[in-house]
Amino acid sequence: MSLKAGIVGLPNVGKSTLFNAITKKHILAANYPFATIEPNVGVVTVPDKRIDFLNELYHPKSLVSASFEFTDIAGLVKGASKGEGLGNKFLSHIREVDAIVNVVRCFESEGITHVEGKIDPVRDIEIIKTELILADLEIIDNRITKLGKKMDMTTDKKEKLEAGALRHAKSLLESDTPLRLGDLNEDELEALKSYNLITLKPVIYVANVSDDDAINGDNQYSKEVKEYAGKEHSGVIVMSCEMESQLSDYTDEEKDAFLKEIGINASGLDKLIFETYNLLGLRTYFTAGEKEVKAWTFRDGMTAPKCAGIIHTDFEKGFIRAEVMSFDDLVKYGTELKVKEAGKMRLEGKEYLMQDGDICYFRFNV
């Protein structure tokens, strides 16, 4: 599955520094607005010790971890919805992602200017929220104008549902409510799906603090971000993007040793990856053998045929059944043969809901 998270925020908050850490590439990260003009896309692997176990057991020729994309998007400024800064170009890139990672500056620095003059994380969040709301409102207003009298006159059930959804979304946005926090029902959400509205996308906040605060805990600014995010039930990761960028140059062993020395059990980057993965309701199943061990990403609630289709559409079209064992059973019994002997290898049909950690062999015929 092709899944994307977009890294957004005001200029000079640490977005590109975070992106450096994610991709282990050193793109332009400069102390002026719009250092990142074209979106930069990097593929990040999801840390998962299970795939290490499978690698040791099968010794495959190929090993592929679960992954998804992070996109670094140019800094937003007040008035972007009206064309200020990079304007609509910025907003169009956000529409292409599945989730938004909003980096918020929570550190003081005389050497790095703030586009709004002083540090105020809640104000910064509100600026971005307002611009995204205005961008969505423009799309909805344009659609309402285009439909005109048809919105009231139509007798088509689908068109009536769309008209009602547009009016409901417009009222939410005009009351300064992002659509993800509104009371849109499932039918309305389906009717609005094709518009790819930004404020429907889930959000994680990254409170970018100094190295010392990342080690010692929250500062006043990050506490404000947590309080704000708590009101809308969004996740918050407190980290030093600068430290994460430096850690990206370390080997895994060096990074683990450093984190242990400073008393941190997981890097901020790993926490962000897990939080984003969970935010999107993503899970992992595996295919395993001597040729390849591979982790496959699927959405919670997907059936076995749909998951098979992630590998190849023919697998879904010709799906017969799936031979499934759980990762925990494989660890418990040690080998596939012993899993089978214990009666823990299962044959599952078209209605089976795939579980995180399933190890599968799909049987199909096209």
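This next bit is on the overall build of the chain. When helices and strands are tallied, the chain shows 16 helices and 12 strands. Going through the 366 residues of the chain one by one, you find that 48% of them count as buried. Pairs at least 24 residues apart make up 69% of the contacts formed inside the chain by residues separated by at least 6 positions. A total accessible area of about 18300 Å² is found for the chain, and carbon and sulfur atoms account for 49% of it.

Here the focus is the packing of helix α4 (residues 121-147) against helix α9 (residues 220-231). The contact between α4 and α9 brings their axes to 8 Å, and the two run at 45 degrees. Compared by their axis directions, α4 and α9 come out oblique. Across the interface between the two elements, Pro-121, Val-122, Ile-125, Glu-126 and Lys-129 from α4 touch Tyr-221, Glu-224, Val-225 and Tyr-228 from α9. Looking at the contact of α4 with α9 residue by residue, the classes come out as 6 nonpolar, no polar and 3 charged.

So, on to a negative patch on the surface. On the surface, a cluster of negative charge is made up of Asp-252, Glu-253, Glu-254 and Asp-256. With respect to the helices and strands, Asp-252 occurs in helix α11 (residues 252-262).

An order of β2-β4-β1-β5-β6-β7 is seen for the 6 strands of this open sheet, with the pairing classed as mixed. Taken across any chain shown, the strands that pair with only one partner, and hence form the sheet edges, are β2 (40-45) and β7 (235-239). Each strand of the sheet is rotated relative to its neighbour by a mean of 25 degrees, with strand direction disregarded. Where strand β1 (residues 4-8) meets strand β5 (residues 99-105), 4 bridges bridge the pair, whose relative direction is parallel. Residue pairing in the sheet places Ile-7 in a bridge with Val-101 of β5. Sheet strands touched by α4: β5 and β6 (203-208). Its angle to β5, the strand with the most contacts, is close to 145 degrees.

Once that is clear, we can look at unusual backbone geometry. Of note in this structure, Asn-12 is not a glycine but carries a positive phi near 65 degrees. With respect to the helices, strands and loops of the structure, Asn-12 is situated in the loop between β1 and α1 (15-23).

Judged by nonpolar contacts, the single largest core of 63 residues is most densely connected at Phe-70 and Leu-272. With sequence-adjacent residues up to four places away left out, Leu-272 is seen in contact with Leu-18, Phe-70, Val-101, Ile-204, Val-206, Ile-237 and Met-239.

Once that is clear, we can look at the confidence of the model for the chain. Summarising the model, the chain shows a mean pLDDT of 88, and 89% of its residues fall at 70 or more. Low pLDDT (under 50) marks residues 26-37, which in the prediction has 33 contacts with non-local residues, meaning those over four places away or in another chain.

What follows deals with the pattern of salt bridges. Scanning the model with the defined rule gives 20 salt bridges in all. Among the ionic pairs, Glu-69 bridges to Lys-4, the shortest N-O distance being 4.0 Å. Of this pair, Glu-69 sits in strand β4 (residues 67-72) while Lys-4 sits in strand β1, and the two are 65 residues apart along the sequence. Linking Arg-95 and Asp-136 is a salt bridge whose minimum nitrogen-to-oxygen distance equals 3.1 Å. Taken together, the residues span a long stretch of sequence, with Arg-95 in the loop between α3 (87-94) and β5 and Asp-136 in helix α4 at a distance of 41 residues. Its relative accessible area of 14% is what places Arg-95 among the buried residues. The network of salt bridges with shared partners includes Asp-48, Arg-50 and Asp-356.

Moving on, we come to the packing of aromatic side chains. Tallying each qualifying case throughout the model produces 9 aromatic pairs. Consider the rings of Phe-53 and Phe-327, whose centres lie 5.4 Å apart with planes at 80 degrees: the pair is edge-to-face. Of the two residues, Phe-53 is situated in helix α2 (residues 49-58) and Phe-327 in helix α15 (residues 327-333); the sequence distance between them amounts to 274 residues. You can call Phe-53 partly exposed: its relative accessible area is 30%. Judged by centre distance (5.9 Å) and plane angle (50 degrees), the ring pair of Tyr-285 and Phe-298 falls under tilted. You can see Tyr-285 sitting in strand β8 (residues 282-288) and its partner Phe-298 sitting in strand β9 (residues 292-299), a full 13 residues away along the chain. Here Tyr-285 and Phe-298 have matching classes, each one buried. Three or more aromatic residues joined by ring pairs make a cluster, and in this case those are Tyr-285, Trp-296, Phe-298, Phe-319 and Phe-362. Against the face of Phe-107 rests Arg-105, its NZ or CZ located 4.4 Å from the ring centre.

Definitions and limits used
- Residues numbered from 1 in each chain as written.
- Predicted model: local features only at pLDDT ≥ 70, side-chain atom pairs only at ≥ 80, totals over all residues.
- Heavy atoms only, no water.
- Helix = DSSP H or I, 4+ residues; strand = E, 2+ residues; numbered from the N terminus.
- Buried < 20%, exposed > 50% of the residue type's maximum accessible area, 1.4 Å probe, protein only.
- Contact = heavy atoms within 4.5 Å.
- Areas by Shrake-Rupley, 256 points an atom, 1.4 Å probe, with all protein chains shown as cover.
- Axes fitted to C-alpha atoms, helices over the stretch in contact; angles between N-to-C directions.
- Parallel < 35°, antiparallel > 145°, perpendicular 65-115°, else oblique.
- Nonpolar A, V, L, I, M, F, W, Y, C, P; charged D, E, K, R; others polar.
- Patch = residues over 30% accessible without salt bridge, like charges linked within 9 Å, V, L, I, M, F, W, Y side chains within 5 Å.
- Salt bridge = Lys/Arg side-chain N within 4 Å of Asp/Glu carboxyl O.
- Lys, Arg positive; Asp, Glu negative; His and termini not counted.
- Charge placed at Lys NZ, Arg CZ, Asp CG, Glu CD.
- Pairing = 2+ DSSP bridges.
- Core = buried A, V, L, I, M, F, W, Y, C linked by side-chain atoms within 4.5 Å.
- pLDDT = per-residue confidence, 0-100.
- Phe/Tyr/Trp six-rings, centres within 6.5 Å; stacked < 30°, edge-to-face > 60°.
- Lys NZ or Arg CZ within 6 Å of the ring centre and 35° of its normal.

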